[in-house]
Amino acid sequence: MMETQAQQTAQGNSSSPEDSGSFSDADNRRLPKLLAPKQSESQWQQIIRQIVEFFNQLPDYLGSIFNNNKQGLITLALILSAFVTVKVAIALLDAVNDFPLLQPIFELIGLFYSIWFTFRYLIKYETRQELAQKFNAFKQKSLS
């Protein structure tokens, strides 16, 4: 009988990992027990390790996405750059048109260039042939 009492008191004095956060009073049965710090640390370490692994593999993921969709991404970038270029050109022309004398001067320059181009290339047959040859040479250089 004495041995069993000694074992019970020895078991009552020993502390398990679950009891490490609890009080040692006789009233500790009524108090909630806290989790052991080792368990919560390992959970946090696992979460942090997963986050670090994700960020380490992120360049590989993005690289594979780019390689799989290269043509579509390049097309999208060209469309966006063309859109931005058109918007900038329109804004620049609006800014130039706000100056009082620049708009009529540019209109006169365009009118005189159109008249010169018509007389230079479009009236005579030989000059039209010369223009067609220049256009075909430009087309060959552009497409090749």
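Rules and cut-offs
- Residues numbered from 1 in each chain as written.
- Predicted model: local features only at pLDDT ≥ 70, side-chain atom pairs only at ≥ 80, totals over all residues.
- Heavy atoms only, no water.
- Helix = DSSP H or I, 4+ residues; strand = E, 2+ residues; numbered from the N terminus.
- Buried < 20%, exposed > 50% of the residue type's maximum accessible area, 1.4 Å probe, protein only.
- Areas by Shrake-Rupley, 256 points an atom, 1.4 Å probe, with all protein chains shown as cover.
- Axes fitted to C-alpha atoms, helices over the stretch in contact; angles between N-to-C directions.
- Parallel < 35°, antiparallel > 145°, perpendicular 65-115°, else oblique.
- Contact = heavy atoms within 4.5 Å.
- Nonpolar A, V, L, I, M, F, W, Y, C, P; charged D, E, K, R; others polar.
- Phe/Tyr/Trp six-rings, centres within 6.5 Å; stacked < 30°, edge-to-face > 60°.
- Lys NZ or Arg CZ within 6 Å of the ring centre and 35° of its normal.
- Salt bridge = Lys/Arg side-chain N within 4 Å of Asp/Glu carboxyl O.
- Polar contact = N/O pair within 3.5 Å; in protein donor to acceptor, adjacent residues only side chain to side chain.

A. Summary view of the overall build of the protein. From N to C terminus, the protein includes 5 helices and 0 strands. Its helices and strands in sequence order give the protein the pattern α-α-α-α-α, from N to C terminus. Looking at the protein as a whole, 2% of its 144 residues qualify as buried. When the accessible area of the protein is evaluated, it comes to approximately 13,400 Å², of which 64% is carbon and sulfur surface.

B. Representation of the packing of helix H4 (residues 102-122) against helix H5 (residues 125-143) in the model. Where H4 meets H5, the closest approach of the two axes is 7 Å, and the angle between their N-to-C directions is 100°. The orientation of H4 relative to H5 falls into the category roughly perpendicular. The residues of H5 that touch H4, namely those facing Phe117, Arg120, Tyr121 and Leu122, are Thr127, Arg128, Glu130, Leu131 and Lys134. Residues that form the contact of H4 with H5 fall into these classes: 4 nonpolar, 1 polar and 4 charged.

C. Spatial organisation of the packing of aromatic side chains. Overall, the coordinates contain 6 aromatic pairs when judged by the stated rule. Taken together, a centroid distance of 5.5 Å and an interplanar angle of 65° make the contact between phenylalanine 54 and phenylalanine 55 edge-to-face. Using a relative accessible area of 42% as the deciding quantity, one classes phenylalanine 54 as partly exposed. With a relative accessible area of 52%, phenylalanine 55 lands in the exposed category. Judged by centre distance (6.2 Å) and plane angle (85°), the rings of tryptophan 116 and tyrosine 121 are edge-to-face. An aromatic cluster is present here, built from Tyr113, Trp116, Phe117 and Tyr121 joined pairwise through their rings. A cation over an aromatic ring shows up here: arginine 120 above the ring of tyrosine 121, its NZ or CZ 4.5 Å from the ring centre.

D. Geometry of the pattern of salt bridges. The final tally for this structure, using the stated rule, is 2 salt bridges. For glutamate 130, the salt bridge goes to arginine 120, with nearest N and O atoms at 3.2 Å. Residue glutamate 130 is found in helix H5, and its partner arginine 120 is found in helix H4; the two are separated by 10 residues along the sequence. Given a relative accessible area of 27%, glutamate 130 falls into the partly exposed group. On the accessibility criterion, arginine 120 (30% relative accessible area) is partly exposed. A salt bridge links lysine 134 to glutamate 130; its shortest N-O distance comes to 3.5 Å. Here lysine 134 and its partner glutamate 130 are both found in helix H5, 4 residues apart, which amounts to about one turn of the helix. The exposure class of lysine 134 is partly exposed, given its relative accessible area of 43%. Connected through shared salt-bridge partners, Arg120, Glu130 and Lys134 make up one network.

E. Inspection of the side chain of threonine 127 at higher detail. Looking at the element boundaries, threonine 127 is found in helix H5. Overall, threonine 127 belongs to the buried group, its relative accessible area being 13%. Reaching out from threonine 127, the side chain makes a polar contact with the backbone oxygen of lysine 124 at a distance of 2.9 Å.

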